[in-house]
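Survey of secondary and tertiary structure
This is what each chain is made of:
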Amino acid sequence: MQSLISTSPISSSSLQSLESYASLTASFNLRFCSLRREVVPLSHHKHRVIGAASKRTRKCVSAASPDSNGSPPTKFDYDLVIIGAGVGGHGAALHAVEKGLKTAIIEGDVIGGTCVNRGCVPSKALLAVSGRMRELQDEHHMKALGIQVSGAGYNRQAVADHASNLASKIRNNLTNSMKALGVDILTGFGSIMGPQKVKYGLDNFITAKDIIIATGSVPFVPKGIEVDGKTVVTSDHALKLEFVPEWIAIVGSGYIGLEFSDVYTALGSEVTFIEALDQLMPGFDPEIGKLAQRVLINPRKIDYHTGVFATKITPAKDGKPVIIELTDAKTKEPKETLEVDAALIATGRAPFTKGLGLENINVETQRGFVPVDERMRVIDAKGNTVPHLYCIGDANGKLMLAHAASAQGISVVEQLSGKDHVLNHLSVPAACFTHPEISMVGLTEPQAKEKAKKEKFKISVAKTSFKANTKALAENEGEGLAKLIYRPDTGEILGVHILGMHAADLIHEASNAIALGTRVQDIKFAVHAHPTLSEVLDELFKAAHVNVDEPKPVAV
């Protein structure tokens, strides 16, 4: 998701753009659970080649005016105003109300943000379909369970409607939950006019004791790629499933690209991955990535190109297919030109921070991200924290995951309520909802080794297979691995990585252990129901060997 070599020259400006693309791609993917990119060999497969928001608004509230930007107000319309009603803003708003804060949330698009409307939620609806299609199409798997199935098919529009209806339902749930708790939903684009002053819509001004920026992100599209929303699309368009192409190229092999490859191949498409770095799935732990390639890539109608840029992508038109020009990432020399039915751009996401009025408070973004400290306090151009201003979620770039945004928002509200709180981002789990799933929390093995070398300690690795789990075998889903990285001298859990059935659900025992500081020598005594998949983690922790001296019994 090839091989006449294009002879057209590439300008120096184009090469600079490509280098920027590679840097940004690496940056975005590294932010995903702080994972490191590693290297695997290039595959040589066959391929074709050619040379709602609430209506309640407040208009011109007297506590703020457009002519008083320089000095902070002395009285406030709200205790807290949140700019952006995605998952992060919603989580912060609900926690603020629980803490007794008068709260308003501003949304210029639709409640729920990217996750609910164009991301996590509708994608899981499509993946639910792909999972069932994949199972029904696996004749060997069905026969092993004694089930006979023939002629499994799908209705594209019904599948698309399922995704759309789910997004609508969750969006309404979020909206109603805020209304029920008394959160004021203000409609319009929000921007900061000065200290503790916010404008929304055309001419509405309000003040707040504290402000949270939660504006999220948008798909990142490298220069040279022409998106028409039909044959060259981002994830925003692809989730509508307006058609299922016979052959689709996916630019980027991170978790977004990998999930879409799962959907498209289950629905009958051939996929070609185009990856700028030297390995597919470069954000995952290398051992997990290698297994994922064997399970999720090699058996399916997927081929790939690594170490190349998609220099130029032209949408299909006038009866011609989508044209993709590839360039070697290292030499910058032209390589192949691909001809496909569609292309999905999955090169990461860029912060949505333009037009926020940050210049009014002397804040400069860093590659679009709002700089913050560990408590999500916004940092100005001089390196000082801006009083009463915070930024959470994708807009700050610390960890571009919806649940991380929500956790950051809750952390900020804790601080506003008088309780100091710092979120441990290494305890925030991440998941890729392929079939089987991949999940992770904490450090990869290379990251742990680097940390151990720097801080002068040793690490150990424990592993367990799903093939040893009764529930997995009962489901005929024994393909999978769980991996624990820990300190043998203290029992500290540094990272856990899982590939296997329901990995996204299993990871939370490990993430909670990291968050609570639970050591391996303690958690291995936890009891797990039998037979359940949770025993994969039980066996994993029991496989670890910690050198901490046990307390000697006291004679009485």
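Summary of the structure given here. Bear in mind the structure is a predicted one, so any value in this text is a computation, not a measurement.

Remarks on the overall build of the protein chain
Secondary structure summary: the protein chain contains 15 helices and 23 strands in total. In the protein chain, which comprises 556 residues, the share counted as buried stands at 54%. Summed over its atoms, the accessible surface of the protein chain is roughly 24,600 Å², and 52% of this surface lies on carbon and sulfur atoms.

Observations concerning the pattern of salt bridges
Under the counting rule described, the total for this entry stands at 23 salt bridges. Notably, a salt bridge pairs lysine 143 with glutamate 139, separated by 3.2 Å at the nearest N-O pair. Taken together, the positions of lysine 143 and glutamate 139, both in helix H5 (residues 139–144) and 4 residues apart, correspond to about one turn of that helix. Lysine 330 serves as the salt-bridge partner of aspartate 278, at 2.8 Å between the closest nitrogen and oxygen. Of this pair, aspartate 278 sits in the loop between strand E10 (270–275) and helix H9 (286–297) while lysine 330 sits in the loop between strand E13 (322–328) and strand E14 (334–340), and the two are 52 residues apart along the sequence. Judged by relative accessible area, aspartate 278 falls into the partly exposed class, the value being 28%. Through salt bridges with shared partners, a single network forms among Asp285, Glu287, Glu445, Lys449, Lys463 and Lys483.

Observations regarding the pairing of E10
Across the 6 residues that make up E10, a large majority, 5, are buried. Across 5 bridges, strand E9 (residues 247–251) lies against E10 in parallel orientation. Bridge pairing in E10 links tryptophan 247 to glutamate 270. Between E9 and its parallel partner E10, the chain crosses via helix H8 (residues 255–266), and the hand of that crossover is right-handed. In this fold, E10 hands off to H9, which returns the chain to strand E11 (residues 302–306); that crossover is right-handed.

Quick word on helix H6 (residues 156–180)
For H6, built from 25 residues, the straight-helix expectation of 36 Å at 1.5 Å per residue is met to within 8% by its first-to-last C-alpha distance of 36 Å. Restricting attention to buried positions, one finds in H6 the residues Val159, Ala160, Ala163, Ala167, Leu174, Thr175 and Met178. Packed against the buried residues of H6 are helix H2 (87–98), strand E2 (103–107), helix H3 (113–118), helix H4 (120–137) and strand E3 (184–187). Here H6 starts with a cap whose side-chain oxygen sits 3.1 Å from the backbone nitrogen of glutamine 157, and that cap is asparagine 155. Two residues or fewer after H6 comes glycine 182, characterised by a positive phi angle close to 90 degrees.

Reading the values: the criteria
Residues numbered from 1 in each chain as written. Predicted model: local features only at pLDDT ≥ 70, side-chain atom pairs only at ≥ 80, totals over all residues. Heavy atoms only, no water. Helix = DSSP H or I, 4+ residues; strand = E, 2+ residues; numbered from the N terminus. Buried < 20%, exposed > 50% of the residue type's maximum accessible area, 1.4 Å probe, protein only. Areas by Shrake-Rupley, 256 points an atom, 1.4 Å probe, with all protein chains shown as cover. Salt bridge = Lys/Arg side-chain N within 4 Å of Asp/Glu carboxyl O. Pairing = 2+ DSSP bridges. Right-handed = clockwise from strand over helix to strand, strands pointing away. Expected span 1.5 Å × (residues − 1). Contact = heavy atoms within 4.5 Å. Polar contact = N/O pair within 3.5 Å; in protein donor to acceptor, adjacent residues only side chain to side chain.

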